[in-house]
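Structure assessment
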Amino acid sequence: MKLIDGKKTAQDIRAEIKEEVASRTAQGVRAPGLAVILVGEDPASQVYVRNKERACQEAGIRSVPYRLPASTSQEELMALIAALNADERVDGILLQLPLPKGLDADRCLLAIDPAKDVDGFHPESVGRLVQGLPGFVSCTPAGIIELLARYDLPTEGKKAVVIGRSNIVGKPLAVLLARPGRFGNATVTLCHSRTPDLAKECREADFVFAAIGRPRFVTADMVKLGAVVVDVGINRTEQGLCGDVDFEAVKDKCSAITPVPGGVGPMTIAMLLKNTLQSWRQRLGLC
Ligand code: NAD
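Residues numbered from 1 in each chain as written. Predicted model: local features only at pLDDT ≥ 70, side-chain atom pairs only at ≥ 80, totals over all residues. Heavy atoms only, no water.

A word on the nonpolar core. Formed by 51 residues in total, the largest nonpolar core has its most connected members in I17, L34, L148, L177 and F209. Among the elements that take part in this core, helix α10 (residues 264–284) stands out by supplying 9 residues, more than any other. Two domains share this core, each providing at least three of its residues, namely domain 1 (28–113) and domain 2 (139–265). Setting aside residues up to four positions removed in sequence, L148 forms contacts with L153, T155, L177, F183, F207, F209 and V230. The next biggest cluster of nonpolar side chains, apart from the first, holds 18 residues, and it includes C191, A205, V245 and I257. (Core = buried A, V, L, I, M, F, W, Y, C linked by side-chain atoms within 4.5 Å. Buried < 20%, exposed > 50% of the residue type's maximum accessible area, 1.4 Å probe, protein only. Helix = DSSP H or I, 4+ residues; strand = E, 2+ residues; numbered from the N terminus. Domains from an automatic or database assignment. Contact = heavy atoms within 4.5 Å.)

Spelled out as structure tokens, the structure:
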């Protein structure tokens, strides 16, 4: 069994980004800029935002924080997004979700300039992904494909089951896996809470991607011998952090597996930095 080390892979990607930024800025090019908007006091969001800011700093990306009170109005938030859209030095705009009650996240996401949509949540980015056009891909699914590529686990010609149909993980991941290419070209089954026999679907799969949000949901009897298992879940339990896969039981059955923590999680931030880098290159004509 191969352990897919997302922590190490994410570090490698971050080091690559740091190197590119350092060499360009040494030539006088301005550093990439990421605006991070956090509204309210949600403790988990505060941790995520801190981690993203730290990762930016390490990579030489200028992160510009906007910490707003929960009492911020929709119009104030829209005005900030408009100002950041117009700001030449901002390459990416990240709006940390969820927003406090009373604020309309969809309206805000729609207001972000798609050219700065480094989270890949704008409907234009999603449409581009579905149509196979260039654009920003949501960071978690992009990180999963990057892991498969760096570990050379091609999905081409294989059967893949994605469990979970969220807009940020399951749906975009299913689209990516069905795209042309070595780390696409899979026959994809998208499962969800209304799938009649989920265990059977999983047993037939060469690749299982679990994005459900239920601790140890995927058990050993659901996994085919030699399958690749990617665990997206992050669940806080009394015994600590665990994924959507019963890791201890499944690990001996599969050919490769991501742990939790240290699997998909670290890749999400690495891909946010990569998307910011991509935006910066495009905006400055560096590619
Ligand atoms: P979500 O709650 O938006 O969606 C969960 C999906 O699971 C739904 O589509 C639902 O149909 C499906 N589901 C729920 N119960 C089911 C059941 N009994 N059988 C089959 N399907 C079922 O979740 P999300 O935002 O996609 O997140 C999923 C998990 O991934 C969570 O644990 C979340 O914390 C984690 N996550 C991790 C990262 C990361 O960076 N590693 C990023 C995003 C989400």
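From this point, the narrative continues.
Of the two faces of strand β8 (residues 228–231), both are covered, the one formed by V228 and V230 as well as the one formed by V229 and D231. As defined by bridge partners, strand β7 (residues 207–210) adjoins β8 across 4 bridges and the pair is classed as parallel. Across the sheet, F209 pairs through a bridge with V230, a residue of β8. One ladder, built from 2 bridges, connects β8 with strand β11 (residues 256–257); its direction is parallel. Of the residues in β11, the one forming a bridge with V229 is I257. (Pairing = 2+ DSSP bridges.)

Right, let's talk about unusual backbone geometry for a bit. Note the cis peptide between L97 and P98, where omega equals 0 degrees. By secondary structure assignment, the location of P98 is in the loop between β4 (92–95) and α4 (105–111). Looking along the chain, the bond that leaves V260 and enters P261 is cis, with omega of 0 degrees. Inspection of the secondary structure assignment puts P261 in the loop between β11 and α10.

In this structure the tally under the stated criterion is 17 salt bridges. A salt bridge links E248 to K251; its shortest N-O distance comes to 3.2 Å. The exposure class of E248 is exposed, given its relative accessible area of 54%. Residues participating in the shared-partner salt-bridge network are E16, E146, R150 and K274. (Salt bridge = Lys/Arg side-chain N within 4 Å of Asp/Glu carboxyl O.)

Around the ligand, the surrounding shell holds 22 residues, and the nearest of these are R165, S166, V232, I234 and T268. Here an oxygen atom of the ligand sits 2.5 Å away from a polar atom, N or O, in the side chain of S166. The backbone of V232 places a nitrogen or oxygen atom 3.4 Å from an oxygen atom of the ligand. Across the shell around the ligand, the residue classes break down as 10 nonpolar, 10 polar and 2 charged. (Near = heavy atom within 4 Å. Polar contact = N/O pair within 3.5 Å; in protein donor to acceptor, adjacent residues only side chain to side chain. Nonpolar A, V, L, I, M, F, W, Y, C, P; charged D, E, K, R; others polar.)

A separate point is the sheet that holds β4. Taken in spatial order, the 3 strands of this open sheet run β3-β2-β4, and their pairing is parallel. On the outer flanks of this sheet lie β3 (62–68) and β4, each paired with one strand and no other. Between one strand axis and the next, the sheet turns through 15 degrees on average, direction left out of account. Taken together, the 4 bridges between strand β2 (residues 33–39) and β4 define a ladder with parallel strand orientation. Note on β4: the bridge partner recorded for I37 is L95. Taken strand by strand, helix α3 (residues 74–86) contacts β2, β3 and β4, and its axis lies near 175 degrees from that of β2. (Axes fitted to C-alpha atoms, helices over the stretch in contact; angles between N-to-C directions.)

Before going further, it helps to spend a moment on the domain arrangement of the chain. Here the domain parsing of the chain yields domain 1 (28–113) and domain 2 (139–265). On a C-alpha basis, the centres of domain 1 and domain 2 stand 30 Å from each other.

Moving on, we get to α10. Over its 21 residues, α10 extends 30 Å from the first C-alpha to the last, a length consistent with the 30 Å expected when each residue adds 1.5 Å. Check the buried side of α10 and you find it contacts α1 (6–26), β2, α2 (43–59), β4, α6 (139–150) and β8. Of the residues flanking the end of α10, it is G285, one or two places downstream, whose phi is positive at about 65 degrees. (Expected span 1.5 Å × (residues − 1).)

Mapped onto the fold, E248 is located in helix α9 (residues 247–250). Along the chain, E248 and E156 lie 92 residues apart, while their C-alpha atoms are 28 Å from each other. Polar side-chain contacts of E248 include one of 3.2 Å to the side chain of K251.

Relative to each other, α6 and helix α7 (residues 170–178) sit at 35 degrees, their axes nearing to 9 Å. The hand of the α6/α7 crossing is right-handed. Facing P141, A142, I144, I145 and L148 of α6, the residues of α7 in contact are P172, L173, L176 and L177. For the contact of α6 with α7, the per-class residue count stands at 9 nonpolar, no polar and no charged. (Left-handed = near helix turned anticlockwise from the far one by under 90°.)

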